[in-house]
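Survey of secondary and tertiary structure
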Amino acid sequence: MTSNDAPVRYETQGNVAIVTMNRPQYRNAQNSAMTYALDDAFYRAADDDEVAVLVLRGEGKHFSAGHDIGSPGRDIDTSFPRRAGLWWDHVGRPGAESRYARESEVYLGMCRRWRELPKPMIAQVQGACIAGGLMLAWVCDFIVAAEDAFFADPVVRMGIPGVEYFAHPWVMGPRQAKEFLYLGERVDAQRALSWGMVNRVVPAEDLAEHTLSMAQRIAAMPRMGLALTKKAINQAEDLMGMTAGMDSVFGLHHLAHAHNAEVGSDSLAGQDARSMREARRAAEEPGR
Ligand code: ZN
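Since the model is a prediction, treat every value here as computed from it, not as a measurement. Residue numbers restart at each chain and count upward from 1, following the sequence in its written direction. Thresholds applied to this predicted model are a pLDDT of at least 70 for local features of residues and 80 or more for the giving and counting of side-chain atom pairs; totals over whole chains, interfaces and linings are not thresholded and use all residues. Remark: hydrogens and water are excluded; side-chain values derive from all non-hydrogen atoms of the structure.

Before going further, it helps to examine a nonpolar patch on the surface. A cluster of nonpolar residues, W87, W88 and Y100, forms a patch on the protein surface that exposes about 300 Å² of accessible area. The helix and strand labels rest on DSSP assignments: H or I over at least four residues marks a helix, E over at least two residues marks a strand, and numbering proceeds from the N terminus. Within the secondary structure, Y100 sits in helix α2 (residues 95-115). Each residue is placed in one exposure class: buried if its accessible area under a 1.4 Å probe, protein chains only, is under 20% of its type's maximum, exposed if it is over 50%, and partly exposed if it falls in between. Given a relative accessible area of 30%, Y100 falls into the partly exposed group. Nonpolar side chains (Val, Leu, Ile, Met, Phe, Trp, Tyr) are joined into patches within 5 Å and like charges within 9 Å, using only residues with over 30% relative accessible area and no salt bridge. For accessible areas, the Shrake-Rupley method is used with a probe of radius 1.4 Å. Any residue's cover is judged against the shown protein chains and nothing else. By definition here, a salt bridge exists when the distance from a side-chain nitrogen of Lys or Arg to a carboxyl oxygen of Asp or Glu is within 4 Å.

Below, the structure written as structure tokens:
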């Protein structure tokens, strides 16, 4: 695999590591190959004394359209050496056991561990930031969005109460979270800013430069001071119930997957990328 078709690219600019999701032809849909490549990149940045701050970005027009539920590189039946926890391999396990093992590792477990990376991490978001894409933006310390960025978690259409890393009520407030989930509609960057979910909105052409400039100014702060500040705020967020809340909702999430599988054909209520897109269009453009 050349660096051009690797699912994640890693580069540095001075003291800033830039981690790029690199499946633009699939709007950076996340398969497990990408998840583990992201984990490699974050480890590398954590271990490199020259790196003070990370920027997470997506190649192409979109940050990430979510988990891979339909590209040719979808790899949900592939084993990877597990890193986020000690749940056994999901491959070949029956029913809910497989899903629970897999999602504990590659979704909730990975996101939790990335949130704890002891260096500041900024999400640089343009275009789509949908469902699993939100999880990646939310584990970053904050979000800089282009004016064309939009955010949505449409998985209630699958009968599922939100994505696996259930940070919604903490990153936007409970009432906004209900609207966001009940409607599943796109929220644009300005609205996300007014909800407190993103920090800054900048013209698309300035996005990379603006984010890098912030990262460089943060990088001038002392390393230990930044690491402790991040931990302090994460701990405060946990005291507001985020981690315990997420754990309890993860059970509801898997109840939903299991219910779908029990009453229908699969754990996603028969939805795939195409049917989700068509449902959204039908909802947004009635009569089309
Ligand atoms: Zn799930």
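Still to come is the rest of the account.
Moving on, we get to the pattern of salt bridges. The final tally for this structure, using the stated rule, is 15 salt bridges. The residue R9 makes a salt bridge to E11 at a minimum N-O spacing of 3.9 Å. The residue D141 makes a salt bridge to K230 at a minimum N-O spacing of 3.0 Å. Taken together, the residues D141 in the loop between α3 (132-139) and β6 (142-146) and K230 in helix α8 (residues 223-239) connect sequence positions 89 residues apart.

Further remarks concern the state of the cysteines. In what follows, a disulfide is any cysteine sulfur pair within 2.5 Å. This structure, assessed with the given rule, holds zero disulfides. With no disulfide of its own, C111 lies 9.8 Å from the sulfur of C140, the closest cysteine sulfur. Of the residues examined, C111 reaches a relative accessible area of 3% and is grouped as buried. Unpaired in this structure, C140 has its nearest cysteine sulfur neighbour in C129, at a distance of 9.4 Å. Residue classification places C140 among the buried residues on the basis of a relative accessible area of 6%.

Turning next to the sheet that holds strand β2 (residues 16-21). Overall, mixed pairing links the six strands, which are arranged β1-β2-β3-β4-β6-β9 in an open sheet. The open sheet has two edge strands, β1 (8-13) and β9 (200-202), and neither has a second partner. Each strand of the sheet is rotated relative to its neighbour by a mean of 20 degrees, with strand direction disregarded. Summarising the sheet, strand β4 (residues 121-125) and β6 pair through four bridges and their orientation is parallel. The partner of I122 across the bridge, within β6, is F142. Two strands qualify as a pair provided DSSP detects at least 2 bridges between them. Think of each axis as a best-fit line through the C-alpha atoms, taken over the contacting stretch in the case of a helix, with angles from 0 to 180 degrees between the N-to-C directions.

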